[in-house]
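# Chains, contacts and geometry: an overview
Chain by chain, the residues:
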Amino acid sequence: MAKIVAEHLKYKYPLSEKLALYDISFTIEPGEFIGIIGENNAGKSTLCQAMVGIVPNFYKGAYGGKVLIGDMEIAKSNISDICKKVGIVFQNPFNQVTGCKLTVYEEVAFGLENMGLPRSEMIDRIDYSLKLLDIYKYKDRNPFDLSGGQMQRMAIASIIAMRPEVIILDEPTSQLDPQGSEEVFRAVQNLSREGITIIMVEHKMEKIAEYSDRVMLLHEGKLIAFETPEKIFSRDDLDCYGVTAPAYTRICKSLGIKNKKTGFYPVTLEETKSLIGFSEKERCPYDQN
Amino acid sequence: MTRIEVQEMHFSYTEQEPILKGINITLDERSTAIIGQNGAGKTTFVKLLKGLLRPMQGKILFDGKDIACMTVAQIAKHIGLVFQNPNDQIFKNNILDEVMFGPINIGMDEQEAKRHSQNALAMVGLSDCEDKNPYDMGLSERKLIAIASVLAMDTDVVIFDEPTIAQDYRGIEKIKKIIRTLKAEGKMVLTITHDMDFVADCFERTIVFAKGKILLDGQTDKVFSKKEELSQAYLEPPHVTQLCNSLGYDKVFLRVEDFVSYVKSKGIENK
């Protein structure tokens, strides 16, 4: 399983005068679940694309520094080699549909066909990922007849079926219903426990806080911080970066409730519940109704 | 006041699979959120309201008039729909032209269309980008362009299909402000969304779709108090409500501020 290293990564889109990514360096260990947050145009999607080589090989533009996945230098590698190691789920699932397949089943098979897998292996993997994303019942449907949320599920299934070592997801649950979105987070967490590295851009801060091992905060193409969710969301300058903390953290900040053990504000429902629940019992023993 | 009445409406794309199974509802001046599982029929429902699809059975009355007698072009003057995928909507290579297309096609003259379009672009915060190509912009901005294009048409009804996709915190605040402004102007606002905190903050009424039917319909806080039905519809309450539920509070809050002031009033602090 591969480590991801970025060294002084810089990138500028063609015709643009500003750097989209400005001197970004980090190391991600295999099997980590990394959340990427930041306001629009902070460089989140560009960074994702730089980890699969779409930046700079597809968009061109000016590029400096490097991204390594294992010993593979992304900008200098062939796309067919890269996609065996790294998969990306696009922000807009409509852009990911090949347009050359007539059913959902075949659409998910597309990547596997290109990898040259044996038929029986393909069937196993497709069935597994369609069921994981709860769209097996739509397997014979035309991809373009799916609803937005169903198409987003198909886009995720297509990448999971390829079983890359690193999966990058750019707002993968933006069109999913709340339970569907929770299921995707759990499924992806299971993959990370199996050793697959997960990198996810997401505006749902409650989910990022609950599932990420570490969070990258980007702003204007710069990496502001790369820390645990507790540390990131306890910052008092989040507003300057156009980011808001999870609802639970905002509650605890307003009430001045910190987790004594960590010294940070709580970021999840469970943590908040244990701290508020405890204090209520302590302070208001006869005001339980 | 604008009213849309939907009576015993059925719809399906293919014979085998009914999508909407007998919808009865009256939409009024209350700002309304439409929520529900993927594939529940939410987008289909709003396309029917706008006449892009036509019911198999039942009817839709717009201010008492059956829209079956109106062309899509006639309906467009009254009902605006912002598509879920902005790429289905955008086709010009200049943002101002894109936004002016709608108003001109419903009969505004060039000057009036321009004025409305510039106002709409100001509302979404893209005034500086009039001459840019929409395809050079990111998804979040393309969503805002799609919103501006419909706002510029100044319709009585504005429907948003998942407006918060790809929006950051400030983008969502911007959309909340737009919805409140439309409401204050007396327009009917309907929004499909999966963001429950957004629903809690912004909408008076919430309608829950499940498997082609309306499962719940009512004042937003009432709807969010129905834990079981929500779960049945693959939904969950807003985060603050989840916290109240798990703390076993009898009183349920939808918004962070309300919860905080309640807890402060009870004098609960971290010790």
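### Considering the overall build of chain A
- When helices and strands are tallied, chain A shows eleven helices and ten strands.
- The C-alpha radius of gyration of chain A comes to 20 Å, within 12% of the 19 Å expected for a compact globule of 289 residues.
- Principal axes of the C-alpha set define a box for chain A whose edges measure 65 × 45 × 30 Å.
- Across the 289 residues of chain A, 58% fall into the buried class.
- Within chain A, counting contacts between residues at least 6 apart in sequence, those at least 24 apart form 62% of the total.
- About 12300 Å² of surface is accessible on chain A, with carbon and sulfur atoms providing 49% of the total.
- Of the side-chain charges in chain A, 35 are positive and 40 negative, and the distance between the mean point of each set is 2 Å.

### A look at the pattern of salt bridges
- Going through the model one piece at a time under the given rule, you end up with 22 salt bridges over all chains.
- One salt-bridge network, in which partners are shared between bridges, spans A:Glu182, A:Arg186, A:Lys207 and B:Glu236.

### Quick notes on the interface of chain B and chain A
- With 44 residues of chain B in contact, the opposing surface of chain A contributes 50 residues.
- Together chain B and chain A conceal approximately 4200 Å² of surface at their shared face, both sides included; 52% is due to carbon and sulfur atoms.
- Summed over the shared surface of chain B and chain A, the result is three salt bridges.
- Notably, a salt bridge pairs B:Glu17 with A:Arg141, separated by 2.5 Å at the nearest N-O pair.
- For the interface between chain B and chain A, the tally reads 18 residue pairs in polar contact (both at pLDDT 80 or more).
- Put simply, the parts of the chain that give the side of chain B that touches chain A at least two residues each are α5 (139-151), α6 (169-184), α7 (196-202), α9 (227-232), α10 (239-247) and α11 (256-266) of chain B.

### Here we look at the nonpolar core
- In this structure, B:Leu121, B:Val124, B:Leu126, B:Ile147, B:Phe160, B:Ile179 and B:Val208 are the most contacted members of the largest nonpolar core, which totals 50 residues.
- At the level of secondary structure, the elements contributing two or more residues to this core comprise β3 (32-36), α3 (95-105), α4 (110-124), α5, β7 (157-161), α6, α7 and β9 (205-210) of chain B.
- In this structure B:Leu121 touches B:Ile95, B:Leu96, B:Val99, B:Leu126, B:Ser127, B:Glu130 and B:Ala148, once residues within four positions along its chain are discounted.
- Of all hydrophobic cores here, the second largest spans 35 residues; its members include A:Val104, A:Met151, A:Ala157 and A:Ile167.

### A word on the side chain of A:Ser129
- In this structure, A:Ser129 sits in helix α5 (residues 119-132).
- Once you skip the residues sitting within four places of it in the chain, A:Ser129 turns out to touch A:Val108, A:Ala157, A:Ile160 and A:Ala161.

### A word on empty space enclosed by the protein
- One pass over the structure, following the stated rule, counts one cavity of 30 Å³ or more.
- Taken together, A:Asn92, A:Phe94, A:Gln175, B:Gln84, B:Asn85, B:Pro86, B:Leu139 and B:Ile165 make up the lining of the largest cavity.
- Among the residues forming the lining of the largest cavity, the class breakdown is four nonpolar, four polar and no charged.

### A few points about the state of the cysteines
- Tallied over the full model, the rule gives zero disulfides over all chains.
- A:Cys83 supplies the cysteine sulfur nearest to A:Cys100, a cysteine that is in no disulfide, at a spacing of 14 Å.
- B:Cys244 carries a free sulfur, and the closest cysteine sulfur to it, the one in A:Cys252, is 12 Å from it.

### Re the packing of helix α4 (residues 104-115) of chain A against α5(A)
Residue and element names in this part refer to chain A.
- Across the interface, α4 lies against α5 with an axial gap of 10 Å and an inter-helix angle of 135 degrees. Between α4 and α5, the angle is such that the two are oblique. Note on packing geometry: the crossing formed by α4 with α5 is right-handed. Every residue of α5 that contacts α4 at Val104, Tyr105, Val108, Ala109, Leu112, Glu113 and Met115 is listed here: Met122, Ile123, Arg125, Ile126, Asp127, Ser129 and Leu130.
- Its residues assigned to classes, the contact of α4 with α5 shows ten nonpolar, one polar and three charged.

### Side note on the domain arrangement of chain B
Residue and element names in this part refer to chain B.
- What the domain assignment lists for chain B is domain 1 (1-71 + 194-235) and domain 2 (238-271).
- On a C-alpha basis, the centroid separation for the pair domain 1 and domain 2 is 31 Å.
- Across the boundary between the two partners, domain 1 contributes eight residues, which contact six residues of domain 2.
- Across the domain 1/domain 2 interface, buried area totals approximately 620 Å², and carbon plus sulfur atoms make up 61% of it.
- The largest share of the area that domain 1 buries against domain 2 comes from Asp197, Ala200 and Phe224, three residues that together contribute 58% of it.

### As for helix α6 (residues 148-161) of chain A
- The first and last C-alpha atoms of α6(A) sit 20 Å apart over 14 residues, in line with the 20 Å expected at 1.5 Å per residue.
- Buried residues dominate α6(A), accounting for 14 of its 14 residues.

### Structural notes on the sheet that holds strand β1 (residues 4-14) of chain B
- One open sheet accounts for four strands, arranged β2-β1-β4-β5 (chain B); its pairing is antiparallel. Because the sheet does not close on itself, it has two edges, and the strands there are β2 (17-27) and β5 (65-66) of chain B.

So, how was this worked out
- Residues numbered from 1 in each chain as written.
- Chains lettered and ligands numbered in written order.
- Predicted model: local features only at pLDDT ≥ 70, side-chain atom pairs only at ≥ 80, totals over all residues.
- Heavy atoms only, no water.
- Helix = DSSP H or I, 4+ residues; strand = E, 2+ residues; numbered from the N terminus.
- Rg over C-alpha atoms; globule rule 2.2 N^0.38 Å.
- Buried < 20%, exposed > 50% of the residue type's maximum accessible area, 1.4 Å probe, protein only.
- Contact = heavy atoms within 4.5 Å.
- Areas by Shrake-Rupley, 256 points an atom, 1.4 Å probe, with all protein chains shown as cover.
- Lys, Arg positive; Asp, Glu negative; His and termini not counted.
- Charge placed at Lys NZ, Arg CZ, Asp CG, Glu CD.
- Salt bridge = Lys/Arg side-chain N within 4 Å of Asp/Glu carboxyl O.
- Buried area = accessible area lost by both parts, 1.4 Å probe.
- Polar contact = N/O pair within 3.5 Å; in protein donor to acceptor, adjacent residues only side chain to side chain.
- Core = buried A, V, L, I, M, F, W, Y, C linked by side-chain atoms within 4.5 Å.
- 1 Å grid on protein atoms, 1.4 Å probe; cavity = no way out; pocket = protein on both sides within 12 Å on 5 of 7 lines; lining within 4 Å.
- Points joined across faces, edges and corners; volume = space filled by probe spheres on them.
- Nonpolar A, V, L, I, M, F, W, Y, C, P; charged D, E, K, R; others polar.
- Disulfide = S-S within 2.5 Å.
- Axes fitted to C-alpha atoms, helices over the stretch in contact; angles between N-to-C directions.
- Parallel < 35°, antiparallel > 145°, perpendicular 65-115°, else oblique.
- Left-handed = near helix turned anticlockwise from the far one by under 90°.
- Domains from an automatic or database assignment.
- Expected span 1.5 Å × (residues − 1).
- Pairing = 2+ DSSP bridges.

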